[in-house]
Amino acid sequence: MIMEEARNKIVEYGRKMSSDGLTPGTAGNISIFDPQTGYMAISPSGIAYDKTKKEDVVILDLHGNVIDGDKKPSSEHGLHAAFYRTDPEARAVVHTHSMYCTILSCMGEPLRAVHYAIAEAQCSEIPLVEYHTFGTPELADAAARALRKKGRGLILQNHGMCAYGPSIESAYGLALTMEWCAQVQWHCMAAGKMNILTDEQMQVAMEHYKTYGQVRADGTRPQGYNG
Ligand SMILES: [Zn+2]
């Protein structure tokens, strides 16, 4: 079975995404990229996370051709491929409709530096990607354009969020951090007062983040940033 380890992680993190309350129902999807083969493993379309088995995970190339699997791949496989084509260091992508990121996306708001924890995304603001219909090449192209500017996260207008990184652990950790930051921002906006950190303050936070906590050999951390 090709990409067996990636398949197992997609099953494991899909369950976590559901039990951590990061996404409702079967919404959202996870992928892992193998630079050796140029293939990505992605969660199947419309199967509940607690029912997904490793055989259900679909292996595709970055042009959308199915290499292995008899299930339909996630409808957002083109969006996931856009990350791997845009950043050669991307190894995993998490896309969810988590509540607070989705609220900001429906308000037409980027994720701002209301808390320094956003430094985990290696940028001081997570951009809002203009609205396009889900599952379309237009959405994937708009995401790729926003990604070229920097940072490891996106808010998709009237849709949800994406996070990526050098491993599934780091992409998933960032998805959790983005959801927490979005919740903080939403509460600040609801209270009518929000103090946004300056670019200089965020640059310092990003430098600190690089040396903070337990760092694995691949530069990732076991969990989301909690410093
Ligand atoms: Zn979606």
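Each remark here, short or long, concerns the structure printed above.
Rules of the game
Residues numbered from 1 in each chain as written. Predicted model: local features only at pLDDT ≥ 70, side-chain atom pairs only at ≥ 80, totals over all residues. Helix = DSSP H or I, 4+ residues; strand = E, 2+ residues; numbered from the N terminus. Buried ≥ 20, exposed ≤ 12 C-beta atoms within 10 Å, placed from the backbone. Expected span 1.5 Å × (residues − 1). Pairing = 2+ DSSP bridges.

1. Concerning the environment of Pro137
Now for step 1: Its place among the elements puts Pro137 in helix 4 (residues 137-147).
Now for step 2: A count of 12 C-beta atoms within 10 Å places Pro137 in the exposed class.
Now for step 3: Spatially, the C-alpha atom of Pro137 lies 33 Å from that of Asp199, the residues being 62 residues apart in sequence.

2. Comments concerning unusual backbone geometry
With the exception of glycine, the majority of residues adopt a negative phi angle, and the majority of peptide bonds are in the trans configuration.
Now for step 1: A positive phi angle, close to 55°, is found at Met3, a residue other than glycine.
Now for step 2: By the secondary structure assignment, Met3 is in the segment before helix 1 (4-19).
Now for step 3: Exposure remark for Met3: the 21 C-beta atoms within 10 Å place this residue in the buried category.
Now for step 4: Although it is not a glycine, Gln122 adopts a positive phi angle of roughly 55°.
Now for step 5: Mapped onto the elements, Gln122 comes out in the loop between helix 3 (99-107) and strand 6 (128-129).
Now for step 6: The class for Gln122 is partly exposed, based on 16 C-beta atoms found within 10 Å.

3. Overview of helix 5 (residues 168-191)
Now for step 1: In a regular helix each residue adds 1.5 Å, so 24 residues correspond to 34 Å; helix 5 covers 35 Å between its end C-alpha atoms and thus fits that length.
Now for step 2: Residue Gly192 follows helix 5 closely and has a positive phi angle near 80°.

4. Overview of the pairing of strand 2 (residues 39-42)
On a regular strand, one side chain projects to one face of the sheet and the next to the other, so that they alternate.
Now for step 1: A two-sided burial pattern is seen for strand 2, the buried positions comprising Tyr39 and Ala41 on one face and Met40 and Ile42 on the other.
Now for step 2: Where strand 1 (residues 29-34) lies against strand 2, four bridges are found, and the strand directions are antiparallel. Along strand 2, the bridge assignment pairs Asp34 with Tyr39.
Now for step 3: Where strand 2 meets strand 3 (residues 58-61), four bridges bridge the pair, whose relative direction is antiparallel. Residue pairing across strands places Ile42 opposite Val58, the latter belonging to strand 3.

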